[in-house]
Amino acid sequence: MEILVCVKRVPTVGGKIAVTPDGQEVDTRMSGFSISPHEECAVEEAVQITEQVGGSVSVLTLGPEAAIEQLRGALALGAGRAVLLETDGREFGPIATASAIAAEVRSHGYDLVLLGNEAADTGDYQVGVRLAHELGWPVATGIKNLSVAADGVVARREYRGVEEAYELPLPAVITVKEGINLPRYPSLPGRLRAKRAAVERSSPAWAAEGLRKEALRVPASSKHQATVLGNGADAVPELVRVLDELGIL
Amino acid sequence: MTVLCLTELDGADPADASLRALTLGRSLGDPSLAAVVFADSATVPASALADYGVTDVYVIEPSALEGYAPQAWARVLAGLAAETGATAVLAAGTDRGNEVLAHLGAITGLPMAANCTLVTPDGGRTHRLVRHRWAGLLLEDAVMEAPIALFTVATDAVSSVSAALPARGATPGPPEMPAAIQVHVHKPELAEADLVVRAVESPAGAGGASLATARVVVGGGRGVGGADGFAPLEELADLLGGVVGVSRVVTSEGWRPHKQQVGQTGTKITPELYLACGISGAIQHIAGCAGAKHIIAINTDPGAPILAHADYAIIGDLHQVIPALVEALRAR
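**Focus on the sheet that holds strand β11 (residues 172–176) of chain A**
All names here are of chain A.
Logical step 1: Strand order across the open sheet formed by 7 strands is β7-β11-β6-β1-β4-β5-β12, with parallel pairing between neighbours. Of all the strands in the sheet, the pair left with one neighbour each is β7 (139–143) and β12 (199–202). Each adjacent strand pair in this sheet contributes to an overall mean axis angle of 20 degrees, direction not counted.
Logical step 2: Taken together, the 3 bridges between β7 and β11 define a ladder with parallel strand orientation. By the bridge assignment, Ile143 is partnered in β11 with Val176.
Logical step 3: Sitting on the sheet, helix α2 (residues 68–76) touches β1 (2–7), β4 (56–63), β5 (81–86) and β12, and the angle it makes with β4 is about 165 degrees.

**Quick word on unusual backbone geometry**
Logical step 1: Residue Pro171 of chain A follows Leu170 of chain A across a cis peptide bond; omega there is 0 degrees.
Logical step 2: One can find Pro171 of chain A in the loop between β10 (162–168) and β11.
Logical step 3: You will see that Trp134 of chain B, though not glycine, has its phi angle at about 50 degrees, which is positive.
Logical step 4: Tracing the backbone through its elements, the reader meets Trp134 of chain B in the loop between β8 (126–133) and β9 (138–145).
Logical step 5: The class of Trp134 of chain B is buried, set by 24 C-beta atoms lying within 10 Å.

**Concerning the domain arrangement of chain B**
All names here are of chain B.
Logical step 1: With domains assigned, chain B is organised as domain 1 (2–195) and domain 2 (208–331).
Logical step 2: Taken over C-alpha atoms, the centre of domain 1 sits 34 Å from the centre of domain 2.
Logical step 3: Contacts between the two partners involve 5 residues from domain 1 and, on the opposite side, 8 residues from domain 2.
Logical step 4: Among the residues making up the side of domain 1 that touches domain 2, the classes are represented as 3 nonpolar, 1 polar and 1 charged.

**What about the interface of chain A and chain B?**
Logical step 1: Contacts between chain A and chain B engage 67 residues on the former and 72 residues on the latter.
Logical step 2: Contributing elements (two or more residues each) for the side of chain A that touches chain B: α1 (37–53), α4 (127–135), β7, β9 (152–159), β10, β13 (211–217), β14 (227–231) and α6 (236–245) of chain A.
Logical step 3: If you tally residues by element for the side of chain A that touches chain B, the top one is β13 of chain A, at 7 residues.
Logical step 4: For the side of chain A that touches chain B, the residue count by class is 33 nonpolar, 18 polar and 16 charged.
Logical step 5: In this sheet, β9 of chain B lies alongside β13 of chain A in antiparallel orientation, the contact comprising 6 bridges. Across the sheet, Leu216 of chain A pairs through a bridge with Glu140 of chain B, a residue of β9 of chain B.

How each quantity is defined
- Residues numbered from 1 in each chain as written.
- Chains lettered and ligands numbered in written order.
- Predicted model: local features only at pLDDT ≥ 70, side-chain atom pairs only at ≥ 80, totals over all residues.
- Pairing = 2+ DSSP bridges.
- Helix = DSSP H or I, 4+ residues; strand = E, 2+ residues; numbered from the N terminus.
- Axes fitted to C-alpha atoms, helices over the stretch in contact; angles between N-to-C directions.
- Contact = placed C-beta atoms within 7 Å.
- Buried ≥ 20, exposed ≤ 12 C-beta atoms within 10 Å, placed from the backbone.
- Domains from an automatic or database assignment.
- Nonpolar A, V, L, I, M, F, W, Y, C, P; charged D, E, K, R; others polar.

Printed below as a string of structure tokens:
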């Protein structure tokens, strides 16, 4: 099976998130970059499928040249081919992103395209669906369990305590969520191979979209530093009093 | 001039997330607010919807479309939007709401803004909006230019307010009595291609769903120390009528199943109390628990980031504090 996995380079946020003074971006002076947990799982899922049924995994990202770092990360986990859709630093909206990916899918011929359910940063929740419509393929989103069947795939998720199973003929688009698997750590040979691998490049056109970002901001928080009730088990009577006062007991 | 709102049901009642979406939909100020419900018309909670200012209900019965088929649901919304001359189509920012509105965006070629907290008409085809990025850790101020505004409403940021009270953000005026509600049975025309992807439903194991709606969540993080350290947390959660949730490190270590994860890539919780035990408070975890009404942290580190998000804290080892708390609660 020929599988394409789409990943996105985003800042790694640890204990804090801040915005640049012009309000246009996340401040990344103190942070590294990674792909979202959903996408780590998408890479792992693709590698597991090809381990079972054969085929190969390609990994794609739309982003700046620096996003090659994230492509190499996926190569180290078992992807065999890497594609960079290089941007000029402008943020592509979901419509332009989907059509740039669709062009790569059409030119290569895949059976399955995997994406994360939503990008960690923009949270648009729609690139996979728009991609499927561009290609005329079926799509299932938010998937937590995927199995390959004789004539397609069966994709499962939970919703309001009910399991939903979707049968999709191939080719298809699937967006996955963390929890579908436990991603492996990259092996040393994998990392060495990733370091040497070639990256195919193209530069899709940016286009304006009907939804325009004006500014990002950190929401005003009603919380402040916690009131310390005490230390260790000695603080338990005070904790019980607070639980009572909050109406929990 | 109509605003259409995909309305999900929770048993016999409108889902809480959909009531929040209807509240935001009402604030747009169009004379007609129409709920679109996929259910048997006999089970449509018309009076509950009228309380939220709904003037019309379009019901798509199982005889016309059985079960959940996201692209077909979007096709129905597209048809109704054209028929009613809708200015906006919205849904709750649930898995289904975001998915159906994404399909609607693709079908119509229009932009779709996910997880909005505020939407304001700004004349003609323009809406100004505020939406979540980074799962709500950041807010984006944005402008949407489109003949029909398509958006979903963040499930944990907009309160549901019945029409007897002015919606948050709306100009306070005299309370309006809900007008008579019109129920229309709608029979859509669907193509075979819209029905290819369709859910087959079966009961799921317990866990994930109750975490999202639990009144009390006892959270465990790296400080729990291992897979065998969760028994006291389970016991405490039972005593408080709650459930156990965990941080991302706990699920990536394989100590607990992913369905118990609270966070940006896990479940977003909205309990009365979140008791965060041995959790440092990485921002990806905060994205999942910021909707809690009260947060109490138990942590050995007085400098842990979780303390900046908590109302109260105990500085100490959860392995001593939790058993003592369980004992104290049992003694009551």
